[in-house]
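Structural overview for review
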Amino acid sequence: MTDNIAAGSPASDIPSPADGYVGDPAVRAEWDNRYADRQQLWSGRPNGALVAEVAGLTPGRVLDVGCGEGADAVWLARGGWDVTALEVSGVALERAAGHARDAGLAVHWVHAALTEAALPPASFDLVSAQYPALLRTPEAAAERALLAAVAPGGVLLLVHHAGMDTQQAHDSGFDPADYVWPSMITDVLNDDWAVEVDEQRPRVAPDGGAGAHHTDDLVLRVRRLR
């Protein structure tokens with residue numbers, strides 16, 4: 001889960017922690033610390049909902065929002081997708097780029113906050129956001145940034161943990177009201193979009209890794225018509 005950009009690089013060039021990160025330094029530090037606490041935070045396997053939803057799509061350009069340690073990005077690249085992967089954590093990006101390099105795959109890595117990223121508008125056939133920690137703003141900046149990246153005919157796939165959006169604020173400081181959930185995407189759609197999937201379903205969870213205890217997903221897939 002990350003809210004994530006900067007300069008893209010081929011898989012052979014592992015991003016440097018000193019690269020031109022654009023975004024809130026506190027957010028980057030929080031996620032760097034979280035990743036640095038463990039040698040591997042996630043399972044290392046692609047998310048089940050992504051695998052299921054991509055099965056019927058023709059590979060093209062894909063934006064992986066909050067790519068973490070790169071499991072989805074590597075899987076997509078192996079499947080023939082031209083992958084751009086965004087992440088706020090430099091620690092995670094270094095790991096992700098290493099995995100892609102070891103697999104001999106090219107991925108364009110970008111390091112910054114999604115809402116700060118200078119992404120080419122309307123240019124991705126698939127925008128994938130798997131359990132992202134996207135902060136809400138009064139102007140729905142994150143929601144609009146996700147939608148703006150999708151090319152005509154393309155798909156936005158947003159997957160989140162079911163039930164988290166209705167929880168009360170935690171003593172740890174986590175407040176679900178601070179974050180973007182699938183229902184907030186549907187709230188800003190207009191006639192240029194068609195909702196293809198909007199449902200709760202059992203999660204196909206990779207073994208191990210943070211978040212493995214969540215049992216159900218909220219899955220939203222919307223297609224840009226024009």
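Residues numbered from 1 in each chain as written. Predicted model: local features only at pLDDT ≥ 70, side-chain atom pairs only at ≥ 80, totals over all residues. Heavy atoms only, no water.

**What to know about the pattern of salt bridges**
Proximity of charged atoms lets side chains of opposite charge pair with each other. Rules: Salt bridge, as used here: a side-chain nitrogen of Lys or Arg that lies within 4 Å of a carboxyl oxygen of Asp or Glu. For helices the rule is a DSSP run of H or I covering at least 4 residues; for strands it is a run of E covering at least 2, with both sets numbered from the N terminus onward. Three labels apply to residues, based on accessible area from a 1.4 Å probe with only protein chains included: buried if under 20% of the type maximum, exposed if over 50%, partly exposed otherwise in between.
For the structure on display, the rule yields 10 salt bridges. For D32, the salt bridge is made with R28, and the minimal N-O distance between the two is 3.4 Å. One end of the pair is D32 and the other is R28, both in helix α1 (residues 25-36) and 4 residues apart, which spans about a single turn. The same class applies to D32 as to R28, namely buried. A salt bridge links R226 to D192, with the nearest nitrogen and oxygen atoms 3.0 Å apart.

**Notes on helix α4 (residues 90-103)**
Rules: Each residue after the first adds 1.5 Å to the expected span of a helix. Whether two residues touch is decided by their heavy atoms; if any such pair falls within 4.5 Å, the residues are in contact. Definition of a polar contact: a pair of N or O atoms within 3.5 Å, with one able to donate and the other able to accept a hydrogen when the atoms are protein atoms, and with sequence-neighbouring residues admitted only if both atoms are side-chain atoms.
Taking 1.5 Å as the rise per residue, α4 with 14 residues should run 20 Å; its terminal C-alpha atoms sit 20 Å apart, in good agreement. Turning to α4, its buried residues are G90, A92, L93, R95, A96, A97, G98 and A100. Contacts from the buried residues of α4 go to α1, α3 (71-78), β2 (82-87) and β3 (108-111). Looking at where α4 begins, the residue whose side-chain oxygen comes 3.3 Å from the main-chain nitrogen of V91 is S89. Directly after α4, the chain includes G104, whose backbone phi takes a positive value near 70°.

**Here we look at unusual backbone geometry**
Look at A122: it is not a glycine, yet its phi comes out positive at around 50°. Inspection of the secondary structure assignment puts A122 in the loop between β3 and β4 (124-130). According to the relative accessible area criterion, A122 is partly exposed, its value standing at 30%. In this structure, A140 takes a positive phi of about 55° despite not being glycine. Along the polypeptide, A140 turns up in the loop between β4 and α5 (141-148).

**Comments concerning α3**
Along an α-helix, residues three or four apart share an orientation, since each turn contains 3.6 residues. Those residues of α3 not exposed but buried are D72, A73, V74, L76 and A77. Of the residues one or two after α3, G80 is the one with positive phi, at around 100°.

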